[in-house]
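So you can see what is in the structure, the chains are spelled out below.
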Amino acid sequence: MIPPGLHEFLTLDLMPLVAVTASAAALALLGSFLVLRRQAMLGDAMAHSVLPGLVAAFLVTGSRAAGPMFLGATAAAALSGLAIAAIIRHGRVERSAAIGLVYTTMFALGVLLLELNGGANVDLDVDCVLSGQLELMFWNAPTTWAEVLDGSSLSGMPPQPLRLVGLLMASAAAVILAWPLLRAVAFDAAFARSRGLFPAAVSAGLMALTTLAIVLSFDAVGSILAIALLTCPPATARLLTDRMGPYVALSVGLGGAAGLLGYALATRGAPLLLGASVDASGTVAALSGLGLIVAAVGSGRGRSRPNAPGPGL
Amino acid sequence: MILRSGESRAPLALRSLSVAYRGVPALWDVSWEAREGAMTAIVGPNGAGKSTLLNAAMGALRPLAGEAFFWGQTFADVRSRVAYVPQRESVDWDFPVTALEVVEMGSARRLDWLLPTWVRRGTANRGHRQEARGCLEELGLGAFADRPIGQLSGGQQQRVFLARALAQRADLLLLDEPFAGVDSETEGALFQRLRRLCSEGTTVVAVHHDLETARSRFDDAMLMAGSVVATGPAADALSEDNVRRAFAPGSRATVQLA
Amino acid sequence: MLVVPSWSLTSLASAPMTGAATASAEGGLLEAWTRVLSFQGGYNTNVVLLGTILLGISAGAVGSFAMLKGRALVADAISHASLVGVALAFLLHAALGQQERSMPLLMLGAALSGACAVVAIEWIAKHTRLSPETAVATVSSASFGAGIVALSATRRVDGADRAGLDELIFGSTASMTSADALLMAVLAAAALGATLALYRVLTAVAFNERFARSKGLPVRLLDVILAALVGAVAMAGLQAVGMLLVAALLVAPAATARLWTTRVAPMVVVAAAAGAGAAWVGASLSAVTPNAPAGPMIILAAASTFLVSLLIAPQRGVLSGWLRHRRLAATARRVAATASGSRSAGGEA
């Protein structure tokens, strides 16, 4: 017999825990390249602007199947990317303003589509956009060890955590395989182009992988909190190391740690402190931000950069 | 080798190259040839289109009209024979990469672009690492190989960039402001190194902003302000008169009229 | 129990803006919309609509200067961070035993946490190696995460009116009372008034900071004032447009105006007009359409204006740029052809 306490953990917590940790680690891995190229806002833009694509795919197919959702999200992300480029090129609006304009518009479109189609949809609603639906990932866990061994209980597993683990593995493999290429393109795109490395294609590939990560993380953390995981762990890691390998590894580690700790804090810590659990994905995001603040205060104290350009907010 | 009929075999030949940004011409009807084995300075006021010229020649910008040939061929055909050093400002010098890793980007060939060194340990990549280290040492940076580039001085950073270009073993160097932020002593040493390359047959084309050294250190010069003002031996092309014409306010207005 | 769609409620004490929607039952959407557009939708509807238009004007004017100073996204950070403040203020209010929703208190909480976000961003950008862009993205998203946590904690509060909180995220004019609208109008008007009063100095600082400093202008103070004005507009727009979208109300009209003119005075005027137009069309359309929240409607109206401008603006438009490029390319090709002709002729001779 599996003890009841463990059984409860397996049923209620294991799947959300795996999902949030894998998604945090994968987002931090892909986000580390965005932060490295000083394009953090682009992650912001992608995470917001996939929404109309997701909603449209959902409305057309009537299900949350990952395939159509990814296609819709990719189309929306590509459209925003093109729109941002066109606005910077023609409108002579500065980068951050162009990005802000496009992603809020796409987000508004997504929210409107959701609300117009009866916002109270059980499967896809505004709350899910904000913070995901971790609590729905329960697993009809085995009650005896024998069931664990014969694998019969595996069929009842929710698909999202496994997909996220797969995504994490695939992203890690892709990053390791193309490591010198990614480094060259991120460091000096003009030089990379002169050597025939197609930096635009490499960036597009990374963006596609990032979009996939955002779509798959939608269930776990929601699209807005995904931004925190795309940016905060890499930014923290950037403050702690000057070597690219350790930077990316640390960023993944920090992301995963935020996922684990945040989930534990929200579901176990909060009830002790406040008497009730709080939103887990929000806690993960806030925790990753807290890590950044600690690292920033530690590394930045007394180190003012007088000639630094003012924040181009 | 496919040669366009009537095309010269100069390392770089531009034929009526015109480029515009947002409907405003940056480069207008530029025809010019670099002399093989010579050091040529591209000189002109800010916004004269010097960097644009290099980028358009390499096909990074689509021209309105005109063509660029490298030894009579297109850039894509001879990529490996050309080394490019972009403008200093185009790079984030706080990037977490070491000097050696930067230079390895120059010596890398095909499969070297895949898999990090800790995976490839002991395989063919040792060759290109050695080559990169050699180039760094040649420019006096052997001791800095494993330092993050952010910890190097401006002059050292430029030397790392030049080492990366050397590591490509190219026949033509396209350098965009290679001496920006370099002290005069280092500048002298770098000029000597480039001079030696030229004597071995390499062609050097550099965007350069200092008229004094452009006259004294380079063989040829190409003076431009949107379009070509003067070309030829550095001292002649950069005569007081020509320079005054190129740097006169409104010198680029001629472009719009053309 | 009779389920009544919220947009058809007319006789509530708080007299929702959607009162005009009853007309849609008889006269169709277009007629109902025209009625609201022409301010015949009833007292409360008119007050909310006018307040929203004033918000649009104010957002256009303040947004112009924010954009010229390259600080367009400060609003994004302020508004994302405001969720923590709103939720904490709500919790505090409930802990004190109050049941009623207090909009001014929520706004105060939002303003405080928004200010903290701005300070954090400035500090990170100044004292660490991280870029300003990274600072904005991290601070706004992480503080929004904290906001979601605080929001989930409010669910444990019994009896309190939570409805208003969720509406602040995406914005809703439907539940706005005339008192809410008045608060919004006063804030927006104050921001607009301050912007106009400081018009000359803000222009000087936006265009040439060094020059402004040499003239003895308090550049640093004006930076803070501009951030405060942006914050005031963001707070004013919290209820009508929602915290996730209010940044766009500052960016879109200003970006639109920039396509049409390069001078400051016309830019501010065009931006204010574009903001007002978007608010007018968006809010009124939302009032007569079931389930269409005002925030997204207003933003989409503003974005459409920008899109059309981007295509057809005379100097900076895509269309005119494309035509110019084609003409130029044709000339360039002619010149190249002449040159190659003379070259081959020279070669033969």
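In case you missed it, the structure is sitting above this.
Residues numbered from 1 in each chain as written. Chains lettered and ligands numbered in written order. Predicted model: local features only at pLDDT ≥ 70, side-chain atom pairs only at ≥ 80, totals over all residues. Heavy atoms only, no water.

Colleague: Mind showing me how you'd approach the overall build of chain A here?
Modeller: Each helix and strand counted, chain A has 14 helices and 0 strands in total. Reading the secondary structure of chain A in the N-to-C direction produces α-α-α-α-α-α-α-α-α-α-α-α-α-α. Buried residues in chain A amount to 57% of all 313 residues. Put simply, of all contacts in chain A between residues at least 6 apart along the chain, 73% involve residues at least 24 apart. Approximately 11,500 Å² of chain A is accessible, and the part contributed by carbon and sulfur atoms is 70%. (Helix = DSSP H or I, 4+ residues; strand = E, 2+ residues; numbered from the N terminus. Buried < 20%, exposed > 50% of the residue type's maximum accessible area, 1.4 Å probe, protein only. Contact = heavy atoms within 4.5 Å. Areas by Shrake-Rupley, 256 points an atom, 1.4 Å probe, with all protein chains shown as cover.)

Colleague: Please clarify how the interface of chain C and chain B should be interpreted in this entry.
Modeller: Interface extent is often summarised as the accessible area lost during association of the parts. Listed by partner, the interface residues are 12 residues for chain C and 15 residues for chain B. Where chain C meets chain B, there are 1 salt bridge. Put simply, chain C and chain B have 1 residue pair in polar contact (both at pLDDT 80 or more) between them. Of the residues belonging to the side of chain C that touches chain B, the class tally is 6 nonpolar, 2 polar and 4 charged. (Salt bridge = Lys/Arg side-chain N within 4 Å of Asp/Glu carboxyl O. Polar contact = N/O pair within 3.5 Å; in protein donor to acceptor, adjacent residues only side chain to side chain. Nonpolar A, V, L, I, M, F, W, Y, C, P; charged D, E, K, R; others polar.)

Colleague: What's the story with the pattern of salt bridges in this structure? I'm lost.
Modeller: Note that side chains of opposite charge can pair when their charged atoms are close. Throughout the structure, instances matching the rule amount to 23 salt bridges over all chains. Ionic pairing is found between Asp242 of chain A and Arg238 of chain A, a salt bridge with its closest N-O pair at 4.0 Å. Assessed through its relative accessible area of 23%, Asp242 of chain A is described here as partly exposed. Residue class for Arg238 of chain A comes out buried when judged on its relative accessible area of 6%. Close ionic contact of Asp223 of chain C with Lys69 of chain C constitutes a salt bridge, the shortest N to O distance being 3.3 Å. One end of the pair, Asp223 of chain C, is in helix α10 (residues 219–237); the other, Lys69 of chain C, is in the loop between α2 (43–68) and α3 (74–95), with 154 residues separating them in the sequence. Judged on exposure class, the residue Asp223 of chain C and its partner Lys69 of chain C are both buried. The network of salt bridges with common partners includes Arg238 and Asp242 of chain A, Asp94 of chain B together with Arg129 of chain C.

Colleague: I keep staring at empty space enclosed by the protein and nothing clicks. Help me out?
Modeller: Leftover empty space is mapped by rolling, across the atoms, a probe with the size of a water molecule. In total, this model carries 4 cavities of 30 Å³ or more according to the counting rule given. If you add up the space inside the largest cavity, you get close to 80 Å³. If you go around the largest cavity, the residues you meet are Val35, Leu36, Arg38 and Arg238 of chain A, Asp92, Asp94, Phe95 and Pro96 of chain B together with Arg129, Leu130, Ser131 and Thr134 of chain C. Residue classes in the lining of the largest cavity are distributed as 5 nonpolar, 2 polar and 5 charged. (1 Å grid on protein atoms, 1.4 Å probe; cavity = no way out; pocket = protein on both sides within 12 Å on 5 of 7 lines; lining within 4 Å. Points joined across faces, edges and corners; volume = space filled by probe spheres on them.)

Colleague: Whenever I open this one, the pairing of strand β7 (residues 203–207) of chain B confuses me. Can you help?
Modeller: On a regular strand, each side chain points to the face opposite its neighbour's, so the side chains alternate between the two faces of the sheet. Residues and elements named next belong to chain B. Within β7, 5 of the 5 residues are buried, leaving the element largely enclosed by the surrounding structure. Every second residue of β7 is oriented toward a common face, with Thr203, Val205 and Val207 on one face and Val204 and Ala206 on the other, all of them buried. The sheet contact formed by strand β3 (residues 39–43) and β7 spans 4 bridges and is parallel. Residue pairing for β7: Ile42 is matched across the bridge by Val207. Where strand β6 (residues 172–176) and β7 come together, 5 bridges link them in parallel fashion. Paired with Leu173 across the strands is Val204, a residue of β7. Chirality of the crossover, the property in question, places the unit of β6, helix α7 (residues 184–199) and β7 among those that are right-handed. (Pairing = 2+ DSSP bridges. Right-handed = clockwise from strand over helix to strand, strands pointing away.)

Colleague: Please explain the interface of chain A and chain C as it appears in this structure.
Modeller: Contacts between the two partners involve 66 residues from chain A and, on the opposite side, 61 residues from chain C. Both faces combined, the contact of chain A with chain C buries some 5,500 Å², and carbon together with sulfur accounts for 69% of it. Our count for the contact surface shared by chain A and chain C stands at 2 salt bridges. For the salt bridge of Glu133 of chain C with Arg95 of chain A, the shortest nitrogen-to-oxygen distance reads 2.9 Å. Counting across the chain A and chain C interface gives 9 residue pairs in polar contact (both at pLDDT 80 or more). Elements represented by at least two residues in the side of chain A that touches chain C include exactly α2 (40–49), α4 (66–91), α5 (95–116), α6 (126–131), α12 (223–240) and α14 (280–300) of chain A. (Buried area = accessible area lost by both parts, 1.4 Å probe.)

Colleague: Sorry, what's going on with unusual backbone geometry here?
Modeller: Comment: phi is negative for the bulk of residues other than glycine, and the bulk of peptide bonds are trans. All names here are of chain A. Although it is not a glycine, Arg38 sits at a positive phi angle of roughly 55 degrees. Here Arg38 is to be found in the loop between α1 (4–36) and α2. Residue Phe198 is not a glycine yet carries a positive backbone phi of 50 degrees. Within the secondary structure, Phe198 sits in the loop between α10 (189–194) and α11 (199–221). Overall, Phe198 belongs to the exposed group, its relative accessible area being 57%.

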